[in-house]
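Below are the chains, spelled out letter by letter.
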Amino acid sequence: MNQVSDLHSQYPLRHRDQRRQPRQELLPSATVGLRAEDGSIDLVVDLIDITTGGACLVIPASCDLNVDDRCELTMELADGQFQRHSVSVRWRETSADVAAIGVQFLIADDATA
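Residues numbered from 1 in each chain as written. Predicted model: local features only at pLDDT ≥ 70, side-chain atom pairs only at ≥ 80, totals over all residues. Heavy atoms only, no water.

Undergrad: Quick one: what's the story with the environment of Ala-96, residue by residue and with numbers?
TA: Relative to the assigned elements, Ala-96 resides in the loop between β5 (82-94) and β6 (98-105). On the basis of relative accessible area, Ala-96 is assigned to the exposed category, the value being 72%. In this structure the C-alpha to C-alpha distance between Ala-96 and Pro-60, which are 36 residues apart in sequence, comes to 9.4 Å. (Helix = DSSP H or I, 4+ residues; strand = E, 2+ residues; numbered from the N terminus. Buried < 20%, exposed > 50% of the residue type's maximum accessible area, 1.4 Å probe, protein only.)

What follows is the structure, encoded as structure tokens:
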């Protein structure tokens, strides 16, 4: 079983689910770019699910992203175009090798606050 599947079984995330919109689970997961606001982190991570307000990502446990950190999430669309979103980390749960993080998409006013 791969790490993403293990994470799905370890973290059903139902106790944290505060979404107002239904989520779209991605199995197998999709990969997206994640870059810390200060440039200290720049990597490709697994996108497990997405809603209109945010997403759940799998990152290496050693990655130093924590609650309230801000990042840029880059997704490649089906037509080959790229879409970038400013996001804020809202929660983090860590297992042995990987961590799940929940990020909230920030609107333009939030991104500059």
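Undergrad: Could you give an account of the pattern of salt bridges, naming the residues involved and the relevant values?
TA: According to the stated counting rule, one finds 3 salt bridges in the structure shown. Residue Arg-84 pairs with Glu-72 through a salt bridge whose shortest N-O separation is 3.7 Å. Of the two residues, Arg-84 sits in strand β5 while Glu-72 sits in strand β4 (residues 70-76), which places them 12 residues apart along the sequence. (Salt bridge = Lys/Arg side-chain N within 4 Å of Asp/Glu carboxyl O.)

Undergrad: How would you summarise the confidence of the model for the protein chain if you had to cite specific residues and measurements?
TA: Predicted confidence across the protein chain gives a mean pLDDT of 78, with 69% of residues reaching 70 or more. Counting contacts from residues 1-5, a segment whose pLDDT is below 50, to residues more than four positions away or on other chains yields 6 contacts. Long-range and interchain partners of residues 11-15, a stretch whose pLDDT sits below 50, account for 9 contacts in this model, where long-range means more than four residues apart. (pLDDT = per-residue confidence, 0-100. Contact = heavy atoms within 4.5 Å.)

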